Amino acid sequence: MLKINSQLQRDVTDELRWDPRVGATEIGVAVRDGVVTLSGEVDSYARKYAAVKATERVTGVRAIAEELTVKLPTSSARNDTELAHAIVETFAWNVVVPDDLITSRVQHGWVTLEGMVEWQYQSIAAERAVRNLIGVRGVTNLLAVKQHVSVTDVKARIESALKRHAVLDSKEISVEALNGCVTLRGKVHSWSEKQQAEFAAWSAPGVTTVDDELLIGV
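Residues numbered from 1 in each chain as written. Predicted model: local features only at pLDDT ≥ 70, side-chain atom pairs only at ≥ 80, totals over all residues. Heavy atoms only, no water.

Caption draft 1: Quick look at unusual backbone geometry. A positive phi angle, near 55°, is found at D33, a position not held by glycine. Secondary-structure assignment places D33 in the loop between β1 (28-32) and β2 (35-42). On the basis of relative accessible area, D33 is assigned to the exposed category, the value being 53%. Notably, N179 is not glycine yet its phi reads approximately 50°, a positive angle. Structurally, the position occupied by N179 is in the loop between β8 (173-178) and β9 (181-188). For N179, a relative accessible area of 64% translates into the label exposed. (Helix = DSSP H or I, 4+ residues; strand = E, 2+ residues; numbered from the N terminus. Buried < 20%, exposed > 50% of the residue type's maximum accessible area, 1.4 Å probe, protein only.)

Right, dumping it as structure tokens:
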């Protein structure tokens, strides 16, 4: 049974206030039929990201419309050249990020990551490293995952991984795999479960794309 709009609005607002990464930022929360709209200004991209992740954790949230604007304080202002140098240095010090495979473009504080990496977790690590830098207004992750040697039992491996995850009801999730492309269909109970299923799919060798068509239900 879906939460009524007013209850879901209170729950999301409470979760935003509870998360110290979001802090005391005033964020508008509007709710209609499980769709949550976040609006207002935040002082960093990291805080904006934290607000979205906090909202995803709330039971009953089916979709998020993110209309937050990053307005950097004067103390956080960096020109694009400074930010580009900071990204290069950050990648060089991060053992998970293959810095030799990634190109970064910066325009008015917005960072675009391009290139091809071996695994999806490297793409996630690169985006996370950039997200937390001072001066970043947004991140577009265009990193592709390299095509590995074809693995014939990708579907079976992913299904086994889903069964091992205690928080997932694997019987509600169907897996299709073809030439490195995986499609997930079915129903999960929360954004957290949706992300767990997607992570399990990305972890299989040979996967280059994951099409997550899972629906969030109750």
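Caption draft 2: Quick look at the side chain of R131. In this structure, R131 sits in helix α4 (residues 120-131). For R131, the residues in contact, after removing those within four places along its chain, are Y45, A46, Y49 and V139. (Contact = heavy atoms within 4.5 Å.)

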